[in-house]
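Observations on chain architecture
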Amino acid sequence: MIFENLPTAPRSEELLDKAFSRAARAGNAKGGLEAQQSMLTVAVNITSDNLENVVTAWPDFDYIDPFYYELADAIVDVNELRQSLSEVTWASRQIEELGREYQSKLRKTDSDTARKHRKQAFARIADIMDEIKADLRAVGDARDQLKTIPDIRPDEPAIVIAGYPNVGKSSFVNHVTRASNEIAEYPFTTRGVQVGHLERDHIRYQLIDTPGLLDRPEDERNDIERQAAGALEHLADTVLFFVDASGDCGYPLDVQLELQAAVVDRFADRDIPVLTICNKSDRSTDVEADAYMSITEEEGIDEVLALAIDAVGYEPELPSRDA
């Protein structure tokens, strides 16, 4: 996951305390003019380097996969986050420049005047850190929210499972992936996203069931859920839409088919196939579907899986002999 290992962003006050306390220890180890120079160097390096590290730890949003960009933007405002990161970069460079300016002053004076210059430099560093106090807090909050984005890999083929609750989506993922599935709650949905994995012909496929995103009409989702659902358009290679023709799921068939039509429309622009799967076929097959299946009776499951994999049509890139 590209956000999982982001370091904690320090608070402005914490970083200043760290820089000035270490600077004081460095000054105590020396005397006179050299002590003031050493204190300034330590304070500048600690603040500037830590701020730079905060920024460089983040991925470049211009180059991350659109799926992760959309998910990130669903949870935090990416433009505001980038602005905060830009302000932190500015502060790091300002402190570096300030360090060069005052080191030049310290080389041309006596120890008493040097102490005054060093104190003045410390005050200006504190002013700069105060200016980015809110930005550091915003970066830290974004890191805490984004580190929980699921480990879904855009470079692996993905089969997204859609449909109303209780139509058998999770049962299907559990059945075909056996124990190789993960369930976790993420900030863009009120229930756990289930990600399962299976391998066919040495290719690993991801099966993704996303409660709260594609299991109810668009107008019933909140803003975060709508944008996270949109992110799936960048990820899905095919969509399996499950229907329960018997209506035992608690939703009439016509309502299920309305959602199915909306899902087809959502993925049509990217030419992503949406296959309609009639589950609970032992109870009813009274619907036009691409495949019929009963998970409880273990009927038609392999056929549905084969249909999905064929629809994905994934062909791994093989190394060229000319490479």
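Residues numbered from 1 in each chain as written. Predicted model: local features only at pLDDT ≥ 70, side-chain atom pairs only at ≥ 80, totals over all residues. Heavy atoms only, no water.

The protein chain has the name GTP-binding protein in an unreviewed UniProt entry, where Halonotius pteroides is given as its organism.

Brief notes about the pairing of strand S1 (residues 158-162)
Let me state the cut-off plainly: Throughout, exposure labels follow a simple rule: accessible area from a 1.4 Å probe, protein chains only, divided by the maximum for the residue type, with under 20% read as buried, over 50% as exposed, and the rest as partly exposed. Put simply, DSSP H or I for four residues or longer makes a helix, DSSP E for two residues or longer makes a strand, and each gets a number counted from the N terminus. Here, a strand pair is defined by DSSP locating no fewer than two bridges between the strands.
Most of S1 is tucked away: five of the five residues are buried. Here S1 shows no split at all, with Ala 158, Val 160 and Ala 162 on one side and Ile 159 and Ile 161 on the other all buried. Of the strand pairs in this sheet, S1 and strand S4 (residues 203-209) are connected by four bridges, and their pairing is parallel. Residue pairing for S4: Ile 161 is matched across the bridge by Asp 209. Bridging between S1 and strand S5 (residues 238-244) involves four bridges; their strand directions are parallel. Bridging from a neighbouring strand, Ile 161 pairs with Leu 240 of S5.

Concerning the packing of aromatic side chains
The condition is simple: Working definition: rings of Phe, Tyr and Trp (its six-membered ring) pair if their centres are within 6.5 Å, and the pair is stacked with planes under 30 degrees apart, edge-to-face with planes over 60 apart, and tilted otherwise.
The final tally for this structure, using the stated rule, is eight aromatic pairs. Geometrically, the ring pair formed by Phe 61 and Tyr 69 is edge-to-face, given 6.1 Å between the ring centres and 80° between the ring planes. Residue Phe 61 is classed as buried on the basis of its relative accessible area of 6%. Taken together, the ring pairs connect Phe 3, Trp 58, Phe 61 and Tyr 69 into an aromatic cluster.

Here's the deal with helix H1 (residues 12-28)
In plain terms, the rule: Helices are assigned an expected span. That span is 1.5 Å times one less than the residue count. Taking the helix axis as origin, the arc is that swept by the directions to the C-beta atoms.
When the terminal C-alpha atoms of H1 are compared, their 24 Å separation across 17 residues agrees well with the 24 Å that a helix rising 1.5 Å per residue should span. Those residues of H1 that fall on the buried side of the exposure criterion are Ser 12, Leu 15, Leu 16, Ala 19, Ala 23, Ala 26 and Gly 27. Viewed along the axis of H1, the buried residues span an arc of 100°, placing them on a single side of the element. Away from its buried face, by an angle of more than 90 degrees, H1 presents the exposed residues Asp 17, Arg 25 and Asn 28.

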